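# Residue-level structure breakdown
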Amino acid sequence: MTVSDRQTARADSLDEADGVAVPTSQGPTRASGPSAASGASGPTSRLRAVPDAGVPAQGETPTWSGLSGQSGLSGRSSGAWHEGDPVGRRRFVDIGGLDLERGGRLSQVRIAYETWGTLNAARDNVILVEHALTGDSHVSGEAEPGHPSPGWWNSLIGSGRPVDPDDWFVVASNVLGGCQGSTGPSSLAPDGPPWGSRFPYVTVRDQVAAEAALLDALGISRVAAVVGGSMGGMRALEWAVTHPERVDRCLVLASTAYATADQIAWCQPQLLAIRHDPDFAGGDYYDTGRAPETGLGLARRIAHITYRTESELSERFGREAQLGEDPLSGGDRGRFAVESYLDHHAGKLARRFDANSYLRLTEAMNSHDVGRDRGGVAAALARVTAHCTVVSVDTDRLYPPRLSDELHAALPVSTRAHITSDYGHDGFLIEEDQVGRIIRDALSR
């Protein structure tokens, strides 16, 4: 395998493909009920895989109010979606206020979402798809104005694919705290500027509560399946624990019932890299004309290494130099090919994601523990009535298979499935044939 082959053998992570967002004055479309989307797009030519508020005084119950997408935008994040940007296939629902697990309340919350297929008369054909850390509602579809990248799981939804819109009504939202249309740090607060550092700490349970309110607004009381990988798997499992009466099937891919010390440890340098960037400005960088892109890029480099495997990086890059560069030269030395690879992903993420959202969502992942205040993990999982499918990737060094084994053993009704991959954690997106078979089997139960 040549160096160029190593660099292009597989498409990698959510950042692999770019589109161009065309500015427009078009505003958001509000939805009061479910409707059919135009249908899933055809497959893309390249598979892409992923891969605080002020502390209230003692005894106080703070209230955070604000509605993302107000007029009069005074500050921007280059990677976030803003009011006035092309909406693409997004729809929006204002779910009202949301009480937060840690205390306090967001008085107004907007959730951006997309749908595929048609809700049937019985309203029992709903599949809820949960995105991972740097994903969004654009699960399937082409890059287009409003969506700078193609769908992050294009192999999942479409005619003849594991989730066929002819049979299922698929809903995917941008998570609370995200930056692609749902209320988050880059959204405008009621006093005008973006939330920035004032956006409260939210947990996975808060995010699921927001999604439940979205489904309520759409008139959906039960889902046939909730499907998610990585951070999305955390929310899928939280759905099954918190709302057992609303979930028939739960598919958890490359995820866990609780964040481990190792996972939290890997997150710490990512959080510090962003917060120590001089352009971070304490989280209030939107009006400065600068953004902590260096820190966000460092965070992405650290995370991306954990998403892949030593053997894959060795096979793809070895010790080869980046084409046209010499890492052994003096002065302004060149890079090894693997360094160029990480630089590529760092730059891509900085152009399509907001650093504050990266912080808030990473902290939410760290908070994940289905057993918190429920008598422990085993007691919490005993509440689940859904038929669960627990899937691990054999080479996943971030969410190792033992965590899936624990989850499978503790669930009342569970099927254990395995993905064999050279690509580590990202295998749950890259190994589309294996994943497709697993999802088809799970939906047939």
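Please read these numbers as outputs of a predicted model, since none were measured by experiment.

## Considerations on the overall build of the chain
- From N to C terminus, the chain includes twelve helices and eight strands.
- The buried share of the chain, reckoned over its 445 residues, is 58%.
- Accessible surface, the chain as shown: approximately 16500 Å² in total, 50% of it carbon and sulfur.

## Considering the pairing of strand β4 (residues 169–173)
- Burial analysis of β4 places five of its five residues in the buried class, the great majority of the element.
- A two-sided burial pattern is seen for β4, the buried positions comprising F169, V171 and S173 on one face and V170 and A172 on the other.
- Judged from the four bridges that link them, strand β2 (residues 105–116) and β4 form a sheet pairing that is antiparallel. Looking across to β4, one finds that E114 is bridged to A172.
- Relative to β4, strand β3 (residues 126–130) runs parallel, the two being bridged by four bridges. Considered in β4, the bridge of V129 is made with A172.

## Observations regarding the environment of S221
- By secondary structure assignment, the location of S221 is in the loop between α2 (204–217) and β5 (225–229).
- The exposed category is assigned to S221, whose relative accessible area is 56%.
- Measuring from C-alpha to C-alpha, the distance between S221 and D124 comes to 8.7 Å, with 97 residues separating the pair along the chain.

## A closer look at the packing of aromatic side chains
- The final tally for this structure, using the stated rule, is eight aromatic pairs.
- Summarising the aromatic geometry, the rings of F317 and Y341 are spaced 4.8 Å apart at their centres and angled 45° between planes, so their arrangement reads as tilted. Of this pair, F317 sits in helix α6 (residues 310–317) while Y341 sits in helix α7 (residues 337–352), placing them 24 residues apart in sequence. Each member of the pair, F317 together with Y341, is buried.
- For the ring pair F353 and Y358, a centre distance of 6.4 Å and an interplane angle of 90° mean the geometry is edge-to-face.
- Cluster of aromatic residues (ring-pair linked, three or more members): W152, W153 and F428.

## Considering the pattern of salt bridges
- What the rule picks out here adds up to 25 salt bridges.
- Residue E144 pairs with R89 through a salt bridge whose shortest N-O separation is 3.1 Å. Highlighted residues: E144 in the loop between β3 and β4 and R89 in the loop between α1 (3–8) and β1 (91–99), separated in sequence by 55 residues.
- Classification of E144 by relative accessible area gives partly exposed; the value is 23%.
- Residue classification places R89 among the partly exposed residues on the basis of a relative accessible area of 28%.
- As a salt-bridge pair, E238 and R205 come within 3.5 Å of each other at their nearest N and O atoms. Placement of the pair is E238 in helix α3 (residues 231–242) and R205 in helix α2, with a sequence separation of 33 residues.
- Judged by relative accessible area, which is 1%, E238 ranks as buried.
- In this structure R205 comes out as buried when scored by relative accessible area, which is 15%.
- A single network of salt bridges, built from pairs that share partners, joins E101, R205, E238, R372 and R374.

## Some details on unusual backbone geometry
- Even without being glycine, R123 reaches a positive phi, approximately 55°.
- With respect to the element layout, R123 can be found in the loop between β2 and β3.
- Accessibility expressed as a relative area gives 37% for R123, which makes it partly exposed.
- Positive phi, normally seen in glycine, also occurs at A281, with a value near 55°.
- Following the sequence through the fold, A281 ends up in the loop between α4 (261–275) and α5 (293–307).

## Section: the nonpolar core
- Counting 71 residues, the largest nonpolar core has V171, C250 and Y358 as the members making the most contacts within it.
- The element best represented in this core is α3, accounting for seven residues.
- Apart from the residues lying within four places of it in its own chain, the contact partners of V171 are Y113, E114, T115, V126, I127, L128, V129, L214, L215, L218 and I220.
- W116, L156, I419 and L443 belong to the second-largest nonpolar core, a separate cluster that totals 29 residues.

The rules behind the values
Residues numbered from 1 in each chain as written. Predicted model: local features only at pLDDT ≥ 70, side-chain atom pairs only at ≥ 80, totals over all residues. Heavy atoms only, no water. Helix = DSSP H or I, 4+ residues; strand = E, 2+ residues; numbered from the N terminus. Buried < 20%, exposed > 50% of the residue type's maximum accessible area, 1.4 Å probe, protein only. Areas by Shrake-Rupley, 256 points an atom, 1.4 Å probe, with all protein chains shown as cover. Pairing = 2+ DSSP bridges. Phe/Tyr/Trp six-rings, centres within 6.5 Å; stacked < 30°, edge-to-face > 60°. Salt bridge = Lys/Arg side-chain N within 4 Å of Asp/Glu carboxyl O. Core = buried A, V, L, I, M, F, W, Y, C linked by side-chain atoms within 4.5 Å. Contact = heavy atoms within 4.5 Å.

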